[in-house]
Each structure stands twice: as structure tokens, then as C-alpha cells.
Amino acid sequence: MADEKLTKGFKKESAALKEDKPLLMEKSLQVSSLAGHILLAVNSTLNQDLITNALKKTKATVDLVENGQEALQKAISGQFDLILMDIQLPVMDGKETMACLQQLGIDIPAYALTTNNSSSDIEEYVAVGFSGTLSTPVNLSQFYQVLTQHLREPVKENNTQESTLSRFIATTPNLKTLFFTELHKQHVAIADSIGSSN
């Protein structure tokens, strides 16, 4: 019975991969547009694809690295709002990388991406300096909740003032000509004034 469920799940995931559909889908999940810069340290190609696809929906920017040493170098040299780091990274694992970041005084919220989510594992990750954990495979609701906690909403521009000006210019065709004529006159006057003062 358990083997049958596993086989069905595998077939479903295989079909999703063939159709280029994401494996992690949650129906009616509203994703906000968020501004911020995220450092993503993941060496699994599948997790890279899944997480970067989920991040694209937020419009946040992402720097992707594949090992702990690269993550450490990027975190030192970049301005990040959030770090998402796999615990099992090559070169330096996630715990070792986080410990180095802490020693260097880099205080960026960081979440451990891991399949190990027992209470003792979580306590160990928090003790090293992680803000929390995100399970892999990623639960999108929890994932977006963490993002909205640490990233900000993008600044909305005042389009009403701009559209009013655009309408005014469009309904006054001579305005553009008048503007450039007056601009040219002022330019000549300024140039003459500078020339006469020399």
C-alpha cells in the first residue's frame, strides 16, 4: 500500500517534470510583490529551480550560489535583506558558513533550508545564528510568510500626478512647441550672459 502511494507520487512528479510544471503548487496562494535582495545558497539544481521560480513571483532580486564559501564571500561583499541557505552545502556546510557570518558580525536574517526539522535540529540551527528553518521540499505558504516578514513592499509611484500632466500636454498641442521655444530663448540668454561676463 505504501509502495503504491510512493509510486503514484513519483509518477505524478515525473509527469510534472516532463510538462515543465513546478512540483510545488498550492492553489489560491496570493503572492505579494516584494522589494529586496536575497542570497540563495543551494547546490541542488531542482531546489534552485523551485525556489528561484517561487521568488520570481515576488519580484525580489536573487543572487544564487552553490556552496558555503561562495555564500560567505557574497554575504560579506553584498547588501542582502535575507539569506536562504541549504544546510548541506559543499566546501563549507550551512552551519559552518553561518558561524563564520556571525563571527564577522554580519547580521542578516538567515533561514536554514533543510529536511532535518526535529526540535533538536532547529535548536542547533538557531544556536549557530539562523533566524529559523524552512523545510525542503519548500512549503510555499511558510516560504512566502518568511519573505513578507523580511522584505518590504515596493514603493508605489504617484501615477495620478503623472497621468494628469500627460493628459494636459496631450490636450494642449502648442504647449510642447512653446516650451522648447522658451527653453531655446533662455539657453541663448544664459550663453550671452556668460560670454559677456568673460
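Peer 1: Before we move on, can you summarise helix α6 (residues 140-150) with the specific residues and values?
Peer 2: Three or more residues of α6 are buried, namely L140, F143, Y144, V146 and L147. Considered in projection along α6, the buried side chains sweep an arc of 155 degrees and stay on one side of the axis. The outward face of α6, more than 90 degrees from its buried face, is lined by the exposed residues Q145 and Q149. Taken together, the buried residues of α6 touch β1 (37-41), α2 (45-56), β3 (82-86), β4 (110-114) and β5 (132-135). Among the residues of α6, the N-terminal cap falls to N139, whose side-chain oxygen and the backbone nitrogen of S141 are separated by 3.0 Å.

Peer 1: Describe the sheet that holds β1, naming the residues involved and giving the relevant values.
Peer 2: What the 5 strands build is an open sheet, ordered β2-β1-β3-β4-β5; its pairing is parallel. Strand pairing shows two members of the sheet lacking a second neighbour, β2 (61-65) and β5, which therefore form its edges. Between one strand axis and the next, the sheet turns through 25 degrees on average, direction left out of account. In the sheet, β1 pairs with β3 via 4 bridges, with the strands oriented parallel. Note that in β3 the partner of L39 across the bridge is I83. Sheet strands in contact with α2 are β1, β2 and β4, and its direction is about 170 degrees off that of β1. Contacting β1, β3, β4 and β5, α6 runs over the sheet at an angle of about 145 degrees to β5.

Peer 1: Quick rundown of the side chain of Q48? Include the residues and the values.
Peer 2: Position of Q48 among the secondary structure elements: in helix α2. Judged by its relative accessible area of 8%, Q48 falls in the buried class. Residues within four places of Q48 in sequence aside, it is in contact with V42, N43, L64 and E66.

Peer 1: Talk me through the pairing of β3; I want residue IDs and the actual numbers.
Peer 2: Of all 5 residues that make up β3, 5 are buried, and the element is covered over most of its length. Where burial is concerned, the two faces of β3 agree: the one with L82, L84 and D86 and the one with I83 and M85 are both buried. Across 4 bridges, the pairing between β3 and β4 is parallel. Looking across to β4, one finds that M85 is bridged to A112. Following the backbone out of β3, through helix α4 (residues 94-103) and into the adjacent parallel β4, one traces a crossover that is right-handed.

About the cut-offs
- Residues numbered from 1 in each chain as written.
- Predicted model: local features only at pLDDT ≥ 70, side-chain atom pairs only at ≥ 80, totals over all residues.
- Heavy atoms only, no water.
- Buried < 20%, exposed > 50% of the residue type's maximum accessible area, 1.4 Å probe, protein only.
- Helix = DSSP H or I, 4+ residues; strand = E, 2+ residues; numbered from the N terminus.
- Arc of directions from axis to C-beta.
- Contact = heavy atoms within 4.5 Å.
- Polar contact = N/O pair within 3.5 Å; in protein donor to acceptor, adjacent residues only side chain to side chain.
- Pairing = 2+ DSSP bridges.
- Axes fitted to C-alpha atoms, helices over the stretch in contact; angles between N-to-C directions.
- Right-handed = clockwise from strand over helix to strand, strands pointing away.

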